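Here is what each chain is made of, one letter per residue.
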Amino acid sequence: MYARLLRWQDAAPDERDKLIPMDYEQYEVWSGNARLARMEYLKGKLTAEEFLRRIDTTYELESYETGKVELEVETAWQRRVAMSFSFDPETYYPEMIQVLDLDAAEPKWEIYTADHLRKQDQQGHQSLREKYGKR
């Protein structure tokens, strides 16, 4: 939804007719409700279907039915979410980080973006998205 807000704000006026309107106040209301729904879901007070129904305020989903995917390996991403039900990847990962691997044969500085770090922590989640599609 935040990306939707940014797309709406950044779009030229003649391109907005292709987008769903979203202003900052609407985003704040949705974000607050989604945060509360997520906390209830993680505490087991909501089913996955109920959670999706609560956060889909624009009624874009055709169905709220979900399945359960059994993951073979626990990823760093799963551990972070399990440790804190208020885990927010947008604030957890730095925008950019520079790393020097001194254990390498020829150490050199490398720059990692927040997106790279998230994907690295998600590992198997990325391939599951490709296999089952974004939900």
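Use the structure listed above.
Residues numbered from 1 in each chain as written. Predicted model: local features only at pLDDT ≥ 70, side-chain atom pairs only at ≥ 80, totals over all residues. Heavy atoms only, no water.

### Brief notes about the pattern of salt bridges
- Tallying each qualifying case throughout the model produces 3 salt bridges.
- Residue Glu-40 pairs with Arg-54 through a salt bridge whose shortest N-O separation is 3.3 Å. Of the two residues, Glu-40 is situated in helix α2 (residues 24–42) and Arg-54 in helix α3 (residues 48–55); the sequence distance between them amounts to 14 residues.
- A salt bridge links Arg-80 to Asp-121; the shortest N-O distance between them is 2.8 Å. In this pair, Arg-80 is assigned in helix α4 (residues 76–83) and Asp-121 in helix α6 (residues 114–122), connecting sequence segments 41 residues apart. (Salt bridge = Lys/Arg side-chain N within 4 Å of Asp/Glu carboxyl O. Helix = DSSP H or I, 4+ residues; strand = E, 2+ residues; numbered from the N terminus.)

### Let's talk about the packing of aromatic side chains
- Applying the stated criterion to the full structure yields 5 aromatic pairs.
- Here the aromatic cluster, defined as three or more aromatic residues joined through ring pairs, consists of Tyr-24, Tyr-27 and Trp-30. (Phe/Tyr/Trp six-rings, centres within 6.5 Å; stacked < 30°, edge-to-face > 60°.)

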